[in-house]
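A structural walkthrough
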Amino acid sequence: MKIINLILFILLINICYIKSQFILTDITPNNRLINYPQTVTESTCGIYRYILVSNATQKSSIKQLAPASFFLSSTPDSVLFSNYDYLNIGETKNVIFTVNDRNQSNGYLNVSYTCTEVDISLVTIDIIQNVTWSDNLKYSSIVRLNGVPDESTMPTNDNVILNRMGNSKFQIIFKESFYLNILPNYSNWEIDLAFTSNQVLKVSIPFNLSNPIVSMNDIKEYKWENLQFSSLSGGGIVFQSNSSIQRPIYSVLTVMNPYYLTPKPISGVKGNITYYVNPMPLMPGDQTFSFYSQNEDNSFKKDFNTTFNFQVTTPKPLGPSTVSFDNTTTSTFITVKFDGFSRYNFATLTCKFKSIFDYGFNYGFPFGFVGGNNDNNQMSISTPIPSKSFQARFTWGCGTSNVEVNETLYERVDSTNGKIISVEKINIYGFSFLVVFKAIDDSGVKYIDDIVNSNYLRFGSEKLVSGNIYNGVWEYIHDGVNLGSDDQNSLTLVNEMDYSTFYSPVYPFSPYNTDQILILPQIQLNDTVNYNRDIKDISFKFNNVHVTNQSVDNIMYFTFDNIENYKDLSIGFSLTDPKSLKDINFQSDVFLKYNLKYTFAKWDELNGRFSVMFKMPANIVPGVLDWTLTFAKYNTLVNTALPDKYQLNIISENIDIVGPVITKMVRKTPSDFGTSNIGWLLTIEDEINGLLNGYIIVRGSLDSSLYNFSISPSTAQGGSGDKWKADYLISIPIKDSLNNYGCIAQDYSISYARLVDSFGNVNKYMGVPLQDDLVNLLSVTSLVNPFYLFPIESLQISVDNTICNTPFDVTGPTLIHFISSKSNLDVGSQDRLVTFDFEAQDWDSGLKDNQFPSVYLINENLGSVECISTIVSRNSTNTIYTCTVEVPSGFGYPLGITVSVYGFINNGGYYSGFSSDLIKSMGFNSWFITTDQFSMDIPIIESSTSITNQGGDIWLHGRGLSLSGTVIITYFGQIVQSIPIVDNKYNSALLISGIIPTNQSFTIEIITSSQPSKRSNIITVIPELYFFNYTDPVPQTPTPSQTQTQTQTQTPTPTPSRTPTTPPTKSPIPTNPPQKCSGNPECGGPNQGVCRDNGCICIVPFYGKDCSSKLLEVIPPVINGSNPSVEIPIPGDNGASTTGGSGSNLPPQIIYKSLISIVSLRELDYNGNAIKTIPLNSWNFNEINSTISKYDTTLLIDDEKVNVTTTIQWFSKSSNVTFAGQQLIMNPSTLKFNVDITNYPFSSALNQLQLIMSATLISSSGTTNSDVCSSKSFGDTTNGDDSNFIKLQIDDHSVYGRFLKRAIVDGLIVSVDNVLLDDSMNAIESNTHAQQSFIGINIPHYSNLVSIDPDFSLLIDQHPASESSENSICSKKSGLTKGQIAGIAVGATGFATVVVVSIVYSVHKSKKNKKLVSSISKKLESIN
């Protein structure tokens, strides 16, 4: 009762305002009345209150806010203050805030708050998840501590990691320091959770005891001598496990912190699995590793200790730095020079300026090196800098070289602070939020930065999406799970004068938006969600799946009780087996890193369940395939916590989750090569999965020369083996063939290797880590070094004076030409490509071959864009280079970019480079690129989310996307989909719905809604392919002879394909040549087509060479039961009915018909002369369903039977089909034929078969209107399908036929020719109202079966045929335009039977029209 009274009192005084000139409002977020100590060790509560004073004309009018408060921000009529206070636990305080101006006008506000602690006597415990093992979380559990508010003090225990899940729930992750010391048969794991020193809660969590038989056998240590502490891989420890359980638990303790490493399975079979751990260097000198395994009573024992020695090579410190300032032009920059390394070992330098990046940028050779060799070198780096700054000094640093850049080099000025006006957080998809900052600053905003969970976030000009740096909007995509804010630093706004404004993430930052705070977003669940309790009905499309030598596509289904709480949630599915975790560099050792890869489940309203597609890895540990469902940060459901009926079981006869390894190394000297080459002969093995590809990098120890060798089975030494085991030659030329200078003595070492097997397992050696590796340093604990079987000395070849005795060159190459294609860059435009052409010279020793200098574009923060050159030409002294790079949008804005070039190496062991000041001093103008232009009205697509071949939705990322009016999607280079964009469009994110299913890549382009419209760049999207065609393997019992043969040869089983089998290509399939885009406007205008290299690509529903025809949707035709002839009625829209009625005073309706006929088969000799003609007249009909009909006929040719089968299918909606390895879109109202012809008895092996097809278009307009034209054209298509077309047109109607230049012949994709036969066939006489054409499809000689696949679509023509049309026939008064009336386009790849397709363009049939059809039919019969 006392507590209730206290709360009522607080509420009353909290709303007690005394009327005055000023209104005081407490806008503290969540307005907590009850507060808790921030940490367990504290006995007081720190309390912030945020008071908004309104009706103040300006802040100077306010004399003070008492108690003393800190001014935060102001508007013309309000001021925001913060007040800090602290209370002892159990204390309540009432504070009266008072404000007065210089006229002593007062304002008052009463505020009360309390400091308290969790009373554990009132806490009850619900066990939501027992202690459970999973490879991503190790041992974990979930509890709910009822009576522990989410805002209360976070409890602690040194042996666990506690994560707050919301709604009083906690995830508990047990550290190795706890479970490696548990007692035998310990069925309840007990921990003490301390909330304060006086309040400690005992929590007991059930642990399901198992009886594991775990052992470590055949332990092998591969210790490298002289193992460098700076190296991230070297040596390794492997052992065998004969555990009876799927997930035996091993752990390795190292150093005294302590740190633990977890050995991972890599190969073997069930019951005999090899485990591996990389002895990761965590401290220099001797480092001890203690191995533990689990006993049958679930306790742990120490199996053995080992010690690795990690040496530290301490190079001579970098020399003192000197800095110079160049302001001789409007582009100002500094250059820092210093002596380099006394012995450079390819280590990276961390460089930063103005302390903007906590971690800086990592650079290796050649960045910064301007002269010398690796024993003695000089460095010089130029950086743009503004001519003015608020700060008195900065630190410029690279490695151990630091120099002060102070106000003697620039003008120091005062600056006002910028303001963040608002922040908006939008959950756009999955766990991704769009965070939108609006900010203003008189000097311009340079960047906004923050640190969240040790991740540095920075939003600079590259995230500026509208406005400008003085008043603009910055957007970025935020991961609401992996970057959910447990620990967020103050957010900082830095302006162009280097003035910083700090914002605490927990207080209202702006009086304009008092309800907003700057805590970055995360996924949050409401208290109605209890997925551990509610989940049910988990099943899989396939279970008990064999994954031996194959990856299997699968679908998981699940639902929940209380389903309405879950329908709108984003639920992320992840595989968490050892291979899947390794593939994404998941880190669970040293510290837990949340970087799971999610595939989001989709809610199926019809079936009342979620579903998610995933790929089951091949050759993994058999048993249960582990997975998780993630709902929010720390809110993860692990499969191991669920009953057996919900598990996905797998069968695998092999285990191979390790990449290829080197099993033999042989050094090669010039005497072995017979030339001036050195290298290695490497034997690479992967006995289960086989090698897919890889590369190996070799470096020269003195001149830093670099040699990159690509590895794949195709590069193996001939006859040395296959992808499972083969020899590969690494050959390095040490003398230049263009001059006689010779070579220098130095060592060549393998510094990096990456080998990948056919199922994506990677082994990597990182003697010198690459930039990408530095992002995930701690993921190397389970990464296998492919050279671990050999000592480190094997990776080095010494070239001494007996091989190379040429003296060292003492001067480096010089730069004699340097020019860039741009000196000014609009960093918001699409044209951000910059090309550099340059030439270097070395008169003494010549430039070394196959060494490629890099041009660096450097911004103010020492960030850079690297442009790696290629060699255009070279001689004994000179080499000409070129490189092209695309500058990222916003990069270097608005200050500019310095240009430097490094990495010239001569044959005498000396390298050189040129920073911007050197390039400028040599008289070249390309030392700086200005970037003061930044267009905001041009859409730029930078990336997209993934999509599967099932189609659906896709999100685009980039800038200027809110300007989108239409999205153009091109499938297979031929079919275009135009999608208007209305909703879900933001400056940096855009949703596209309705992507059609496709197995092939497609392109996306944006057209803005503004006038004149602007087009974005075009990106290519490659869908992830899923084929649910798994079948259980049929067990086979080999005969004794088969068993013996298999034992002797031991030939690995080839990896089966996961995709449907595509017939191989026998001959090159021709592609259509580029054509000029036609039409007026070109391609029908931007809403009908786009111009590409091969001609017009039409936007559905437009069609044709110039996109002036339009596809027409009609009702399905009536099936013909006697022969494959189809009549399609099209409702008329002009003229009167022939039966009279109210419209009888109108002109008679014009009737159109199209007859598509297969005339005959002809056998042609090698000269192309017909030696046999076979008519096709009789058919057997079989109706498959309402849209598919089948017709068969049998021909007797030279006493041999030839079967011809024709299948006709009607498509009422857009679909895609695959024929002969090519994907084609079936548009609505498309009629598709499939024709198969069995073995034909050719008279000669040199003969071929010709299929003759007739296309005819007739019109009744000849009897009612003589003022028309007709035309005929034949040629190549332009839409990327590499076909021929035939177009017959009467007035504004046409028949458009498509003939693919490919067929499937005897299981192979072959090229076919399409020829026009009008001159040799008995065609009707073409006139203004009738056109006919004959096309022959030449099929090469075959033995068994030929298959062809034509399709037909209906069209409307926009423009009537005229005298200017190709092969036109016109009446005297031609030229009058009619209303658009339905026509038909016929697309055909080829036919092998006589098929008459009658497509009728009217509901009304006149007698005269019937006569036209009858006359044509008689002519066709005479031809047969």
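None of these values were measured; they are calculated from a predicted model.

Attention now goes to the sheet that holds strand E11 (residues 138–146). The strand order across the open sheet built from four strands is E10-E11-E13-E12, with neighbouring strands paired in antiparallel fashion. Edge positions in the sheet fall to strand E10 (124–134) and strand E12 (160–166), since each has one partner strand and no second. Each adjacent strand pair in this sheet contributes to an overall mean axis angle of 20°, direction not counted. Sheet analysis places E12 next to strand E13 (residues 169–174), joined by six bridges and oriented antiparallel. What sits directly across from Leu-162, in E13, is Ile-172.

In this section: empty space enclosed by the protein. Counted by the stated rule, this structure contains nine cavities of 30 Å³ or more. When its volume is computed, the largest cavity comes out at roughly 250 Å³. Lining the largest cavity we find 22 residues, and of these Asp-135, Gln-246, Arg-247, Pro-265 and Pro-578 sit closest to its centre. At the level of secondary structure, the elements contributing two or more residues to the lining of the largest cavity comprise strand E20 (264–269) and helix H4 (578–583). The residue inventory of the lining of the largest cavity, partitioned by class, reads 14 nonpolar, two polar and six charged.

So, on to the environment of Glu-942. Take Glu-942: it is sitting in strand E72 (residues 940–944). With 15 residues separating them in the primary sequence, Glu-942 and His-957 have C-alpha atoms 5.7 Å apart. When near neighbours in sequence (up to four residues on either side) are disregarded, Glu-942 contacts Ser-889, His-957 and Gly-958.

Here the focus is the environment of Val-269. Within the secondary structure, Val-269 is located in strand E20. When its relative accessible area of 39% is taken as the criterion, Val-269 is described as partly exposed. For the pair Val-269 and Ser-652, spaced 383 residues apart in sequence, the C-alpha to C-alpha distance is 8.2 Å.

Attention shifts here to the side chain of Lys-633. Looking at the element boundaries, Lys-633 is found in the loop between strand E50 (627–632) and strand E51 (635–638). The buried category is assigned to Lys-633, whose relative accessible area is 6%. Aside from chain neighbours lying at most four places away, what touches Lys-633 is Asn-453, Val-481, Asn-482, Gly-484 and Asp-486.

It is worth spelling out the pairing of strand E96 (residues 1308–1311) at this point. In this sheet, E96 lies alongside strand E95 (residues 1302–1305) in antiparallel orientation, the contact comprising four bridges. Bridged to Arg-1302 within E96 is Ser-1311. The antiparallel pairing of E95 with E96 creates a hairpin that spans two residues between the two strands, and Asp-1306 there sits at a positive phi of about 50°.

Turning our attention to the sheet that holds E50. Sheet architecture is open: four strands sit in the order E46-E45-E50-E51, paired in antiparallel fashion. Of all the strands in the sheet, the pair left with one neighbour each is strand E46 (599–600) and E51. Of the strand pairs in this sheet, strand E45 (residues 572–575) and E50 are connected by four bridges, and their pairing is antiparallel. Residue Phe-573 lies in a different strand from E50, and its bridge partner there is Leu-629.

Next up on the list: the packing of aromatic side chains. Tallying each qualifying case throughout the model produces 68 aromatic pairs. On the basis of an interplanar angle of 50° and a centroid distance of 5.3 Å, the ring pair of Phe-333 and Trp-927 is categorised as tilted. Within this pair, whereas Phe-333 is found in strand E25 (residues 333–339), its partner Trp-927 is found in the loop between helix H6 (916–921) and strand E71 (928–933), the two being separated by 594 residues in sequence. The class of Phe-333 is buried, set by a relative accessible area of 1%. Judged by relative accessible area, Trp-927 falls into the buried class, the value being 9%. These aromatic residues form a ring-pair network of at least three members: Trp-133, Tyr-139, Phe-174, Phe-178, Tyr-179, Trp-189, Phe-207 and Phe-300.

On to the side chain of Asp-577. Relative to the helices and strands, Asp-577 resides in the loop between E45 and H4. Here Asp-577 is buried and forms no salt bridge, its nearest opposite-charge partner Lys-579 lying at an N-O distance of 7.1 Å. A polar side-chain atom of Asp-577 sits 2.6 Å from a polar atom in the side chain of Ser-580. Leaving out residues up to four positions away in the same chain, Asp-577 has contacts with Asp-135, Pro-617, Ile-620, Leu-625 and Asp-626.

In this structure, Phe-437, Phe-818, Phe-836, Val-855 and Leu-857 are the most contacted members of the largest nonpolar core, which totals 58 residues. Discounting residues that sit within four places of it in the chain, Phe-437 has contacts with Ile-420, Ser-422, Val-423, Ile-448, Phe-459, Gly-472, Val-473, Trp-474, Tyr-476, Leu-491, Leu-518 and Leu-520. Core analysis: the next-biggest nonpolar cluster, separate from the first, contains 47 residues, Ile-535, Ile-563, Phe-586 and Ala-601 among them.

Think of a disulfide as a covalent bridge from one cysteine sulfur atom to another cysteine sulfur atom. On inspection of all chains with the given rule, the structure shows eight disulfides. Sulfur-sulfur distance for the disulfide between Cys-351 and Cys-398 comes to 1.7 Å. Every disulfide takes its handedness from the sign of the S-S torsion; for Cys-351 and Cys-398 that torsion is 65°, giving right-handed. Here Cys-351 is found in strand E26 (residues 349–353), whereas its partner Cys-398 is found in strand E31 (residues 393–398), with 47 residues between them in sequence. Accessibility assignment for this pair places Cys-351 and Cys-398 in one class, buried. At a sulfur-sulfur separation of 2.0 Å, the disulfide partner of Cys-1083 is Cys-1096.

The next thing to look at is unusual backbone geometry. Along the chain, Phe-365 connects to Pro-366 via a cis peptide bond; the corresponding omega equals 15°. Within the secondary structure layout, Pro-366 lies in the loop between strand E27 (361–363) and strand E28 (369–373). Here the amide bond leading from Asn-1080 into Pro-1081 is cis, since omega sits at 5°, within 30 degrees of zero. Position of Pro-1081 relative to the elements: it lies in the loop between helix H7 (1040–1049) and strand E79 (1089–1092). Backbone geometry at Asp-218 places phi at a positive 50°, although glycine is not the residue there. Structurally, Asp-218 can be placed in strand E16 (residues 217–222). Given the relative accessible area of 46%, Asp-218 is considered partly exposed. With phi around 55°, Asn-619 is a residue other than glycine that occupies positive phi space. For Asn-619, the position within the fold is in the loop between strand E48 (609–616) and strand E49 (623–624). Judged by relative accessible area, Asn-619 falls into the buried class, the value being 0%.

Conventions adopted
Position labels on residues start from 1 in each chain and follow its written sequence. With the structure being a predicted model, the display of local features is reserved for residues of pLDDT at least 70 and the display and counting of side-chain atom pairs for 80 or more, all residues being used for whole-chain, interface and lining totals. Side-chain metrics in this entry use all non-hydrogen atoms of the structure; hydrogen atoms and water are not considered. Paired strands, as defined in this entry, are two strands with at least two bridges between them according to DSSP. Helix numbering and strand numbering both begin at the N terminus, where a helix is a DSSP run of H or I of at least 4 residues and a strand a DSSP run of E of at least 2. The convention used is that axes are lines fitted to C-alpha atoms, helices contributing only their stretch in contact, and that angles between N-to-C directions extend from 0 to 180 degrees. Using a 1 Å grid laid over the protein atoms alone, points where a 1.4 Å probe fits but cannot get out form a cavity; open sets with protein on both sides within 12 Å along at least 5 of 7 lines form a pocket; any residue with an atom within 4 Å of a point counts as lining. Grid points are joined across faces, edges and corners, and a volume is the space filled by probe spheres set on the points. Charged means Asp, Glu, Lys or Arg here, nonpolar means Ala, Val, Leu, Ile, Met, Phe, Trp, Tyr, Cys or Pro, and polar covers whatever is left, Gly included. Contacts are residue-level and defined by heavy atoms, with any inter-residue pair within 4.5 Å sufficient. A simple rule labels every residue: compare its accessible area, found with a 1.4 Å probe on the protein chains alone, to the largest value its type can have, and call it buried under 20%, exposed over 50%, or partly exposed in between. Geometry of aromatic contacts follows a simple scheme: Phe, Tyr and Trp rings, the Trp one being its six-membered ring, pair when their centres are within 6.5 Å, and the pair is stacked under 30 degrees between planes, edge-to-face over 60, tilted otherwise. Positive charges are assigned to Lys and Arg, negative charges to Asp and Glu, while His and the chain termini are left out of the count. The term salt bridge refers to a side-chain nitrogen of Lys or Arg lying within 4 Å of a carboxyl oxygen of Asp or Glu. Under this definition, polar contacts are N or O atom pairs within 3.5 Å; protein pairs additionally need one hydrogen-donor-capable and one acceptor-capable atom, and for neighbouring residues in sequence, both atoms have to be side-chain atoms. Here, the term nonpolar core denotes a set of buried Ala, Val, Leu, Ile, Met, Phe, Trp, Tyr and Cys residues that are joined through side-chain atoms within 4.5 Å. Here, the term disulfide refers to a pair of cysteine sulfur atoms separated by no more than 2.5 Å.

The values reported here are purely geometric and, on their own, carry no functional implication.
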